[in-house]
Amino acid sequence: MAEHYLPENLPTHIQHYIDGKKVDSIGGATFDVLDPVSNTNYATAAAGQKEDIDLAVAAATKAFNEGPWPRMKPRERARILNKIADAVEAQEARLAELETFDSGLPITQSRGQALRAAENFRFFADLIVAQFDDAMKVPGAQINYVNRKPIGVAGLITPWNTPFMLESWKLAPALASGCTVVLKPAEFTPLSASLWATIFEDAGLPHGVFNLVNGLGEDAGDALVKHPDVPLISFTGETTTGQTIFRNAATNLKGLSMELGGKSPCVVFADADLDAAIDSALFGVFSLNGERCTAGSRILVERAIYDEFCEKYAARAKNIVVGDPHDSKTEVGALVHPEHYNKVMSYVEIGKSEGRLLAGGGRPEGLDTGNYVAPTVFADVKPEARIFQEEIFGPVVAITPFENDDEALALANGVRYGLAAYIWTQNLTRAHNFAQNVEAGMVWLNSHNVRDLRTPFGGVKASGLGHEGGFRSIDFYTDQQAVHITLGTVHTPKFGSVEAAATLEG
Ligand code: NAD
């Protein structure tokens with residue numbers, strides 16, 4: 001086996017960043033951080049508790065109430081956001097190296113994620129400069145206009161699957177809107193998030209605008225969700241965690257944006273371009289190690305091409321290069337953590353009694369340590385099977401045949417999730433009808449997930465609440481106050497006056 005890759009200058013301790021300073025937890029608590037190839041602890045991280053969240057929220061509140069950030073002109077904020085994007089791009093290689101080391105994502109894919117993170121900042125810099133708001137005229141009587149205001153301290157809670165990119169996906173619109181933030185990154189992968197502090201400082205972000213508290217979800221995350229001075233929470237993670245957050249946010253009636261789990265269908269009709277569909281259906285579930293919310297993890301295939309599809313798909317899955325995430329030839333790396341590896345492996349075992357194993361089914365040969373799972377393909381999976389219904393979040397796919405459009409739609413919609421759907425057909429009418437009836441927040445026709453940043457992002461059913469993306473993200477982080485201006489004399493019924501009484505009598 002190849003020698004274990006160790007990035008240079010790896011930190012051995014990761015701190016919080018509060019009010020412009022790197023600090024430990026007040027009580028000194030820490031947790032261990034491991035890398036998924038050796039499964040050994042390489043660092044400790046400060047484990048935030050309620051009192052650490054209190055400090056971070058106090059800093060963010062002060063920066064919001066007294067600092068320049070919410071009051072800057074959009075162009076001034078945009079300049080800083082563009083500097084952040086430049087810095088992310090400039091250290092793309094280092095960022096990707098650390099991300100891959102911490103998360104097990106293949107290095108080529110981590111590099112793509114780092115560039116996407118930069119693009120998120122550039123996109124929202126452009127958007128706020130171009131932003132304008134509604135004005136509504138009632139001739140001779142009224143003008144009404146929208147006074148858009150940042151809401152305040154945004155609590156951002158993120159998962160471990162593409163940590164840095166998903167943090168940028170929340171940080172960029174929150175900061176662009178003029179909010180100040182407290183970020184609680186995922187505890188499995190705190191490494192790349194520790195780079196934000198320097199990036200923001202160098203770009204000139206005022207102290208207190210960005211704060212980061214590491215820690216476990218039930219401690220630091222929970223305290224952030226329950227904090228009375230945090231009016232909105234943007235959360236990405238599991239559906240069950242989202243439900244807990246929803247309950248806990250109710251007391252203070254917080255604004256919530258929830259990007260949750262998925263079990264998205266990839267539907268391949270007999271008239272599809274089969275080679276393109278196979279390429280895409282492989283990439284759609286095995287990229288990012290299958291740890292991808294929009295993974296097309298259920299492939300529904302029309303009966304006429306079912307056998308051919310299964311055979312070709314499985315042959316390709318067996319050829320996927322699994323191995324050292326730092327090797328640029330690797331297509332599937334190591335799963336993030338032994339806990340998650342055990343969960344995915346338990347589904348592989350369940351799948352053996354629920355479907356016909358066509359590829360994978362355990363550890364890849366020659367990789368005896370590290371969280372490696374061979375790309376696993378099950379065919380003939382019934383819709384009631386657990387591997388059809390439940391999110392596995394690993395390199396495991398279920399293939400199911402269908403006879404006609406109605407059955408395909410029923411199968412596609414027959415799960416509790418509704419994040420994405422991918423449809424492969426050459427028939428325009430079918431494609432659009434299917435797209436409009438499938439229960440998914442996002443639909444791709446003849447493609448995997450390739451997303452224009454202006455489009456809405458989010459799921460329906462158990463996959464989420466609310467849509468972010470483009471100006472919808474700005475809407476989430478801002479309040480649209482309506483200001484009504486009277487142009488003439490306002491018509492007012494004169495309650496309690498003589499004329500009013502006369503009018504009533506008349
Ligand atoms: P998770 O729900 O376990 O954790 C996500 C974050 O929530 C972490 O930072 C965690 O510490 C925190 N957390 C946990 N319990 C909390 C609590 N009680 N209060 C506050 N915060 C708490 O999810 P995960 O395992 O890190 O990520 C994988 C999941 O994320 C999958 O279900 C995946 O589909 C989903 N995901 C969704 C999207 C999307 O856009 N829809 C994108 C990426 C990942």
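Residues numbered from 1 in each chain as written. Predicted model: local features only at pLDDT ≥ 70, side-chain atom pairs only at ≥ 80, totals over all residues. Heavy atoms only, no water.

Next up on the list: the site of the ligand. In the vicinity of the ligand, 30 residues are found, and the nearest of them are Thr 158, Lys 184, Glu 187, Thr 241 and Glu 391. Within the backbone of Gly 217, one N or O atom sits 3.2 Å away from an oxygen atom of the ligand. A distance of 2.6 Å is found between an oxygen atom of the ligand and a side-chain nitrogen or oxygen belonging to Thr 241. The protein chains hide 91% of the 850 Å² of surface that the ligand would expose on its own. When residues of the shell around the ligand are traced back to their parent elements, those giving at least two are α7 (217-226), β11 (232-236) and α8 (239-249). A class-by-class count of the residues in the shell around the ligand yields 14 nonpolar, 10 polar and six charged. (Near = heavy atom within 4 Å. Polar contact = N/O pair within 3.5 Å; in protein donor to acceptor, adjacent residues only side chain to side chain. Areas by Shrake-Rupley, 256 points an atom, 1.4 Å probe, with all protein chains shown as cover. Helix = DSSP H or I, 4+ residues; strand = E, 2+ residues; numbered from the N terminus. Nonpolar A, V, L, I, M, F, W, Y, C, P; charged D, E, K, R; others polar.)

Per the domain assignment, the segments making up the protein are domain 1 (14-260 + 463-483) and domain 2 (265-445). Here the C-alpha centroids of domain 1 and domain 2 sit 31 Å apart. Contacts between domain 1 and domain 2 engage 26 residues on the former and 32 residues on the latter. Summing both sides of the interface, domain 1 and domain 2 together bury roughly 2200 Å²; the carbon and sulfur share of this comes to 60%. The largest share of the area that domain 1 buries against domain 2 comes from Trp 160, Phe 188 and Ser 463, three residues that together contribute 23% of it. Applying the counting criterion to the domain 1 and domain 2 interface returns 10 residue pairs in polar contact (both at pLDDT 80 or more). Residues belonging to the side of domain 1 that touches domain 2 are distributed by class as follows: 10 nonpolar, 13 polar and three charged. (Domains from an automatic or database assignment. Contact = heavy atoms within 4.5 Å. Buried area = accessible area lost by both parts, 1.4 Å probe.)

With that settled, the discussion passes to the packing of helix α5 (residues 163-176) against helix α6 (residues 196-203). Look at α5 against α6: their axes get within 13 Å of each other, and the N-to-C directions meet at 35°. Handedness of the α5/α6 crossing: right-handed. In this structure, α5 uses Phe 164, Glu 167, Ser 168, Leu 171 and Leu 175 to contact α6, whose residues at the interface are Trp 196, Ile 199 and Phe 200. Among the residues making up the contact of α5 with α6, the classes are represented as six nonpolar, one polar and one charged. (Axes fitted to C-alpha atoms, helices over the stretch in contact; angles between N-to-C directions. Left-handed = near helix turned anticlockwise from the far one by under 90°.)

Here we come to the state of the cysteines. All chains considered together, the criterion is met by zero disulfides. Note on Cys 266: no disulfide assigned, nearest cysteine sulfur contributed by Cys 310 at a separation of 12 Å. The class for Cys 266 is buried, based on a relative accessible area of 4%. Overall, the relative accessible area of 3% leaves Cys 310 in the buried class. (Disulfide = S-S within 2.5 Å. Buried < 20%, exposed > 50% of the residue type's maximum accessible area, 1.4 Å probe, protein only.)

Following the sequence through the fold, Glu 311 ends up in helix α10 (residues 303-319). Distance in space between the C-alpha atoms of Glu 311 and Ala 220 is 48 Å, their sequence separation being 91 residues.

Counted at 1.5 Å a residue, the expected span for helix α1 (residues 50-66) with its 17 residues is 24 Å, and the 24 Å between its end C-alpha atoms agrees. Of the surrounding secondary structure, the elements contacted by the buried residues of α1 are β2 (16-18), β7 (142-150), β8 (153-157), β9 (180-184), β10 (210-212) and α7. (Expected span 1.5 Å × (residues − 1).)

Turning our attention to the pattern of salt bridges. Under the definition given, this model contains 20 salt bridges. Two residues, Arg 316 and Asp 279, come together in a salt bridge whose shortest N-O distance is 2.9 Å. Taken together, the positions of Arg 316 in helix α10 and Asp 279 in helix α9 (residues 274-286) put the pair 37 residues apart, joining distant regions of the chain. Judged by its relative accessible area of 39%, Asp 279 is partly exposed. Close ionic contact of Glu 308 with Lys 312 constitutes a salt bridge, the shortest N to O distance being 2.9 Å. One end of the pair is Glu 308 and the other is Lys 312, both in helix α10 and four residues apart, which spans about a single turn. Taking relative accessible area as the criterion, Glu 308 reaches 38% and is therefore assigned partly exposed. (Salt bridge = Lys/Arg side-chain N within 4 Å of Asp/Glu carboxyl O.)

Ordered in space as β1-β5-β4, the three strands form an open sheet in which the pairing is mixed. Among the strands making up the open sheet, the edge pair consists of β1 (13-14) and β4 (30-34). One ladder, built from five bridges, connects β4 with strand β5 (residues 41-46); its direction is antiparallel. Directly across from Phe 31, in β5, lies its bridge partner Ala 45. (Pairing = 2+ DSSP bridges.)

What follows is about the pairing of β5. Relative to β5, β1 runs parallel, the two being bridged by two bridges. Residue Ile 14 lies in a different strand from β5, and its bridge partner there is Ala 45. What sits between β4 and β5 in their antiparallel hairpin is a turn of six residues, with Asn 39 showing a positive phi close to 50°.

Nonpolar side chains collect at one region of the surface, where Ile 143, Tyr 145, Ile 485 and Leu 487 lie side by side and expose about 310 Å² of accessible area between them. Note on placement: Ile 485 falls in strand β23 (residues 478-486). Owing to a relative accessible area of 33%, Ile 485 belongs among the partly exposed residues under this scheme. (Patch = residues over 30% accessible without salt bridge, like charges linked within 9 Å, V, L, I, M, F, W, Y side chains within 5 Å.)

Another point: the packing of aromatic side chains. Applying the stated rule across the entire model yields 17 aromatic pairs. An angle of 10° between the planes, with centres 4.0 Å apart, marks the rings of Phe 164 and Trp 196 as stacked. Here Phe 164, found in helix α5, pairs with Trp 196, found in helix α6; they are 32 residues apart in sequence, far enough to count as distant. Its relative accessible area of 0% is what places Trp 196 among the buried residues. (Phe/Tyr/Trp six-rings, centres within 6.5 Å; stacked < 30°, edge-to-face > 60°.)

Our next topic: the sheet that holds strand β13 (residues 265-268). Taken together, seven strands build an open sheet; the order of strands is β15-β16-β17-β14-β13-β19-β20 and the sheet is mixed. The open sheet terminates on both sides in strands that have one partner only, identified here as β15 (356-359) and β20 (442-445). Neighbour-to-neighbour, the strand axes of this sheet turn through a mean angle of 20°, independent of strand direction. Relative to β20, strand β19 (residues 420-424) runs parallel, the two being bridged by four bridges. Considered in β20, the bridge of Tyr 422 is made with Trp 444.

Its location among the elements puts Arg 292 in the loop between α9 and β14 (298-302). Glu 391 provides the closest opposite charge to the buried, salt-bridge-free Arg 292, at an N-O distance of 11 Å. Separated by 2.7 Å, the side chains of Arg 292 and Ser 287 make a polar contact. With residues up to four places along the chain from it excluded, the contact list for Arg 292 reads Asn 161, Phe 283, Gly 284, Ser 287, Phe 393 and Asn 449. (Lys, Arg positive; Asp, Glu negative; His and termini not counted.)

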